[in-house]
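Residue-level listing of the chains:
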Amino acid sequence: MTLWSTVASTLRTRRRLSVAGISAAVLGPLLGAAYMLAMASWAGRAAALDEKEGGAQARQIDAVVHGPFGGEVHRMEMAIAAAAILVGVLLGVAASTLVALRDRVVVAPRPRSFARRMWSLAALIVGLHAGLELWAMARHPQLYAGAWYARGGWRRTVQLLATDVLGPRRTAYLVLLACAAYVAGPVARWREWPERASQATELLAARVEDWAMRSWGRRRTLALCLAVGVALSLFGASVAHTPAASARPASAARGSLSTRDPPRAPTSGAVRASNVAKRPNVLVIAADSLRADRLDPRTAPHLSALADRGTRFDSAYVSLPRTFPSWVTILTGRHPHHHGIRSMFPRWEERTRDFDAVPERLAGAGWSTGVVSDYAGDIFSRIDLGFGAVGVPEFDFRQLVRQRALEVETPLLPVLDSSLGRVAFPVLREMNDAADPSLLAASAVRRMRALEAQGPFFLVVFFSTAHFPYAAPAPYYRRFTDSSYRGRFKYHKPVGLGREAPPDERDETQVRALYDGAVLAIDDAAQSILDALESDGIADDTIVVVTADHGETLYDHGHGQGHGDHLFGDEGTHVPLVVVDPRHPRAAREDAIVRDVDIAPTLYALTGVSPPADLDGRSLVPALDGQPLPPALAYAETELWFTEEIPGLPSELRLPYPGIARLTEVDTQHGDQVVLEREMRPLTIMARHRMVRDERWKLIYVPTRRGVRWMLYDTRDDPGEVQDVAAAHPDVVARLQGELWLWMRRDPSMTERGGYLVPREVGEHGLGDDLGLVRLGDASGHGGT
């Protein structure tokens, strides 16, 4: 009987230990994986229901996504499921660890049953995930605003608690405190801590010794579990980053379009070795949508201080205020109608020209060249301008599908929105709500040091956070905002498809404050790059240029918000331009008009590299030495209108054409790029507004269905440009009209007809006649101002 009791007791003990072992090693990860899979599935279904309620353009885009690219959707679903399993396993392991710690610190009256252990683990997994999401929500609230704040009710209250009461640091402390309180157990048993701590230490030492002596079979089991986790992670990464057909231009053989490719070797190593000391580094720090008036001590203290050490050009203008064409203009020194990139969606044949740009010429002369950026810099992955190292997100329709799938997975974003998560899912870098200037600055410093090791370098660092939706992380997004604001733009300015109600005065104030916070975030990040120049001892050998691809209209004087839609007001075309060259230590401010086409000639002059013969700009180096610049005129044109209703641009001041969903198509033959439909290009080029300006006057060419209007603004007496004074100054109109026509006629694809600038292939009756868009015959009698 005694023997039987002993055997039975031993079996019960082994069974209890076996159950406990299964709970600790398997149950937690299984529960975590199941929970995260359920949360990811719920988030995806909720987003699908919201999309069904979207506008017409949203439904058109959705039809394309689930049509030809349905396979990509399924691949992303598999990758998200793999990521959910991995995150759930990690949460389960953390929960199991907490349970094990509590069991060691607090001796329960009786061992946990399987059910009790399961419910404890489940509650901990839910709690840990909730704490993690609360912390991430406080850190980068824009990623969660659509699923939480925008839905109102208790969800809004939760996000406000995270952002306005706790913040990232307090949330992290609260989660750690809650975990400690759980492990500590009831307050009544805290007096037993010293004894339990001693026992736990002894047990830990024994376990470590036991681990060292374990059989290969147990280690093999653990290794297998780890291998499965790693395999799931790699599977998710590979599925999420399945390469599409090559989207690289044919000329890409001259330079890499991959962030993993090494910088291109210079054309002549001998030339580099002999002249390294004579060749300055060039660092271009640029920010998307950075207005000239924001380069001040309030919103950009570091860059403003840098500008005070160099030459600051106070009247710098861009030729086309949209990212893609503007950067090609900056780096080629040619106007858009000269280099051929006229929109954000150029076709294959437009992107594959030899642009003979600054990076290509400098690389040929011995510089190592590179560009790094976040989401707005994806344009550099679609065109070869001669950069040797390109560290930017990729852009094609498959990437849009991937982004669409990931941005709704808020349960996973707390883990995926990280450096490691962006390795597994590179498309996260394409999400405009996830732009973090500090992450980009760290990447820029790494790239700079890699280039620096090879000799003189030319590096462009392009920040995107100041572009709408102005989604800066904490604490920047709330730095200038009103904490009592509870409107729809609490955390960012989402980009709609023509479904937004007009903002009120508080909304406009909030948007401006969000923009200013984004600028401040970029400024701090840029300073870390400048600090790296100093710490590496190369600041005195580096030319620093600060500029932007375009500005931003922020409801100034009733002109709406955004850029590229119209030319009323200077906010969209007026950009900062600063050149700091240690060889030209004179600090100065230059008031003469300068243009984006002047930047490339200036860089050629500063580096001593021979420029192309057909540049549209001139060198600004004389201004660095205090010499006056000859007078110049600034020209500009608008770009595509994405919607049929444009805030700040009355319908009577535009030639109408369809919205972006009907303007573009997917070029499946060249990497699934989103491109402008070939037959729509002539109409969109004809419909553009164009301008010319001198130091005082701005003249705008505005084609309408009733004829061409010429609108004149006195920017000295009317800086907001709200009063058209063309009738009062016919002599100024005539002078600037002649200058603008000279510039417009340089476009080889356009000609003048009936007072309009029209495509050379336009028919006798007009363009888009089958859609009733414009009939030149009917409008020919309306060519006045």
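None of these values were measured; they are calculated from a predicted model.

Caption draft 1: Fine view of the overall build of the chain. On a plain count of helices and strands, the chain comes out with 24 helices and 21 strands. Burial statistics for the chain: of 785 residues in total, 54% are counted as buried. In the chain, the share of contacts with a sequence separation of at least 24, taken over all contacts with a separation of at least 6, comes to 72%. Counting every atom, the chain has about 33,600 Å² of accessible surface; 59% of that belongs to carbon and sulfur.

Caption draft 2: Fine view of the pattern of salt bridges. Across all of its chains, the model carries 41 salt bridges by this definition. Residues R693 and D570 are paired through a salt bridge, measuring 2.6 Å at the closest nitrogen-oxygen approach. Of this pair, R693 sits in strand 17 (residues 690–693) while D570 sits in the loop between strand 9 (561–562) and strand 10 (574–575); the two residues are 123 residues apart in sequence, bridging distant segments of the chain. Here R618 makes a salt bridge to D598, at a shortest N to O gap of 3.3 Å. Here D598 lies in the loop between strand 13 (594–595) and helix 19 (599–607) and R618 lies in the loop between helix 19 and helix 20 (621–624), a separation of 20 residues in the sequence. As far as the burial class goes, R618 and D598 line up, both buried. If you follow the salt bridges from partner to partner, you end up with R291, D293, R294, R298, D516 and D556 in one network.

Caption draft 3: View of the packing of helix 17 (residues 437–452) against helix 18 (residues 505–535). The contact between helix 17 and helix 18 brings their axes to 8 Å, and the two run at 20 degrees. On the basis of their axis angle, the class for helix 17 and helix 18 is roughly parallel. When you trace helix 17 past helix 18, the crossing you get is right-handed. Between helix 17, through P437, S438, A441, A444, V445, M448 and R449, and helix 18, the contact on the second element is made entirely by A521, I522, A525, S528, I529, A532, L533 and S535. Counted by class, the contact of helix 17 with helix 18 contains 11 nonpolar, 3 polar and 1 charged residues.

Caption draft 4: Representation of the sheet that holds strand 6 (residues 457–463). Ordered by their spatial adjacency, 8 strands build an open sheet running 5-4-6-1-7-11-2-12, and the pairing between neighbours is mixed. Lying at the two open borders of the sheet, with one neighbouring strand each, are strand 5 (389–391) and strand 12 (588–590). In this sheet, neighbouring strand axes are inclined to one another by 10 degrees on average, regardless of whether the strands run parallel or antiparallel. Where strand 2 (residues 311–313) lies against strand 11 (residues 578–580), 2 bridges are found, and the strand directions are antiparallel. Directly across from R312, in strand 11, lies its bridge partner V578. Taken strand by strand, helix 18 contacts strand 1 (281–287), strand 6 and strand 7 (542–547), and its axis lies near 160 degrees from that of strand 6.

Caption draft 5: Looking closely at the confidence of the model for the chain. Per-residue pLDDT for the chain has a mean of 85; in total, 78% of the residues score no lower than 70. A low-confidence stretch, residues 234–277 (pLDDT under 50), is modelled with 100 contacts involving residues beyond four sequence positions or located in other chains. Below pLDDT 50 for its whole length, residues 768–773 participates in 9 contacts with residues either more than four positions away or in separate chains.

Caption draft 6: Main features of the environment of M431. Structurally, M431 is set in the loop between helix 16 (419–424) and helix 17. Along the primary structure M431 and Q403 are separated by 28 residues, whereas in three dimensions their C-alpha atoms are 6.6 Å apart.

Caption draft 7: Looking closely at unusual backbone geometry. The peptide bond linking F468 to P469 adopts the cis configuration, its omega dihedral lying at 25 degrees. Counting through the fold element by element, P469 comes out in the loop between strand 6 and helix 18. In this structure, P475 follows A474 across a cis peptide bond, with omega equal to 0 degrees. By the secondary structure assignment, P475 is in the loop between strand 6 and helix 18. Not every positive phi belongs to a glycine, and S289 is a case in point at roughly 65 degrees. The residue S289 is located in the loop between strand 1 and helix 9 (301–307) in this model. Residues other than glycine seldom take positive phi values, yet Y470 does so here, at roughly 55 degrees. Position of Y470 among the secondary structure elements: in the loop between strand 6 and helix 18.

Caption draft 8: The nonpolar core, seen in detail. Counting residues in hydrophobic clusters, the biggest one holds 153 residues, and the most contacted among them are W327, F380, F458 and F463. Element by element, the count of residues in this core is highest for helix 18, at 11 residues. Apart from residues no more than four positions distant in its own chain, W327 is found in contact with V284, A286, I379, F380, V460, F462 and D549. Membership of the second largest hydrophobic core comes to 40 residues, among which are A79, L143, Y144 and L166.

Caption draft 9: Quick peek at the pairing of strand 21 (residues 756–759). Pairing between strand 20 (residues 750–753) and strand 21: 4 bridges, direction antiparallel. Paired with E752 across the bridge in strand 21 is L757. The turn linking strand 20 back onto strand 21 is made up of 2 residues, and G754 within it adopts a positive phi angle of 60 degrees.

Caption draft 10: Region of interest: a negative patch on the surface. Taken together, the side chains of D531, E534, D540 and D541 make up a negatively charged region of the molecular surface. Inspection of the secondary structure puts D540 in the loop between helix 18 and strand 7. On the accessibility criterion, D540 (64% relative accessible area) is exposed.

Caption draft 11: Examining the packing of aromatic side chains more closely. What the rule picks out here adds up to 16 aromatic pairs. Pairwise contacts between aromatic rings join W327, F380, F387, F458 and F462 into one cluster. Lying over the aromatic face of Y182, R102 brings its terminal NZ or CZ to 4.8 Å of the ring centre. For R322, the ring lying beneath its charged end belongs to F642, and the centroid distance is 4.7 Å.

Caption draft 12: Expanded view of the side chain of H339. As for its position among the elements, H339 is in helix 11 (residues 336–339). Excluding residues that lie within four positions of it along the chain, H339 makes contacts with P325, V328, T329, T332, R334, R353 and F355.

Caption draft 13: Examining helix 5 (residues 153–184) more closely. Helix length check: helix 5 (32 residues) gives 35 Å between terminal C-alpha atoms against 46 Å at 1.5 Å per residue, more than 12% under. The sharpest bend along helix 5 comes to roughly 95 degrees, located at L166, with the proline P168 sitting one to four residues further on. Q159, L160, A162, T163, L166, G167, P168, T171, C179, Y182, V183 and A184 are the residues of helix 5 that are buried. Residue G185 follows helix 5 closely and has a positive phi angle near 80 degrees.

Caption draft 14: Structural view of the packing of helix 4 (residues 114–139) against helix 5. Where helix 4 contacts helix 5, the two axes come as close as 7 Å, and the packing angle between them is 140 degrees. Both helix 4 and helix 5 take part in a crossing whose hand is left-handed. Residues S120, L124, L128, G131, L134, W135, M137, A138 and R139 of helix 4 lie in contact with helix 5, whose contacting residues are V158, Q159, A162, T163, L166, G167, P168, T171, A172, V175, C179 and Y182. Considered class by class, the residues forming the contact of helix 4 with helix 5 number 14 nonpolar, 6 polar and 1 charged.

Caption draft 15: Broad picture of the sheet that holds strand 3 (residues 316–317). Spatially, 3 strands are ordered 10-3-13 in an open sheet, and the strand pairing comes out mixed. Here the strands that pair on one side only, and so sit at the sheet edges, are strand 10 and strand 13.

Caption draft 16: Broad picture of the environment of V666. Structurally, V666 is set in strand 15 (residues 664–667). Along the sequence, V666 and E677 sit 11 residues apart, while their C-alpha atoms lie 8.9 Å from each other.

Caption draft 17: How the structure looks around the pairing of strand 6. Of all 7 residues making up strand 6, 7 are buried, and the element is well covered by its neighbours. Side chains F457, L459, V461 and F463 of strand 6 all project onto a buried face; the interleaved residues F458, V460 and F462 project onto the opposite face, where all are buried too. Direction of pairing for strand 1 relative to strand 6: parallel, over a ladder of 6 bridges. Opposite V282, over in strand 6, you have F458 as the bridge partner. As paired strands, strand 4 (residues 368–373) and strand 6 are joined by 6 bridges and run parallel to one another. Looking across to strand 6, one finds that S373 is bridged to F462.

Rules of the game
Residues numbered from 1 in each chain as written. Predicted model: local features only at pLDDT ≥ 70, side-chain atom pairs only at ≥ 80, totals over all residues. Heavy atoms only, no water. Helix = DSSP H or I, 4+ residues; strand = E, 2+ residues; numbered from the N terminus. Buried < 20%, exposed > 50% of the residue type's maximum accessible area, 1.4 Å probe, protein only. Contact = heavy atoms within 4.5 Å. Areas by Shrake-Rupley, 256 points an atom, 1.4 Å probe, with all protein chains shown as cover. Salt bridge = Lys/Arg side-chain N within 4 Å of Asp/Glu carboxyl O. Axes fitted to C-alpha atoms, helices over the stretch in contact; angles between N-to-C directions. Parallel < 35°, antiparallel > 145°, perpendicular 65-115°, else oblique. Left-handed = near helix turned anticlockwise from the far one by under 90°. Nonpolar A, V, L, I, M, F, W, Y, C, P; charged D, E, K, R; others polar. Pairing = 2+ DSSP bridges. pLDDT = per-residue confidence, 0-100. Core = buried A, V, L, I, M, F, W, Y, C linked by side-chain atoms within 4.5 Å. Patch = residues over 30% accessible without salt bridge, like charges linked within 9 Å, V, L, I, M, F, W, Y side chains within 5 Å. Lys, Arg positive; Asp, Glu negative; His and termini not counted. Charge placed at Lys NZ, Arg CZ, Asp CG, Glu CD. Phe/Tyr/Trp six-rings, centres within 6.5 Å; stacked < 30°, edge-to-face > 60°. Lys NZ or Arg CZ within 6 Å of the ring centre and 35° of its normal. Expected span 1.5 Å × (residues − 1). Bend = angle between axes of the 7 residues up to and from the residue.

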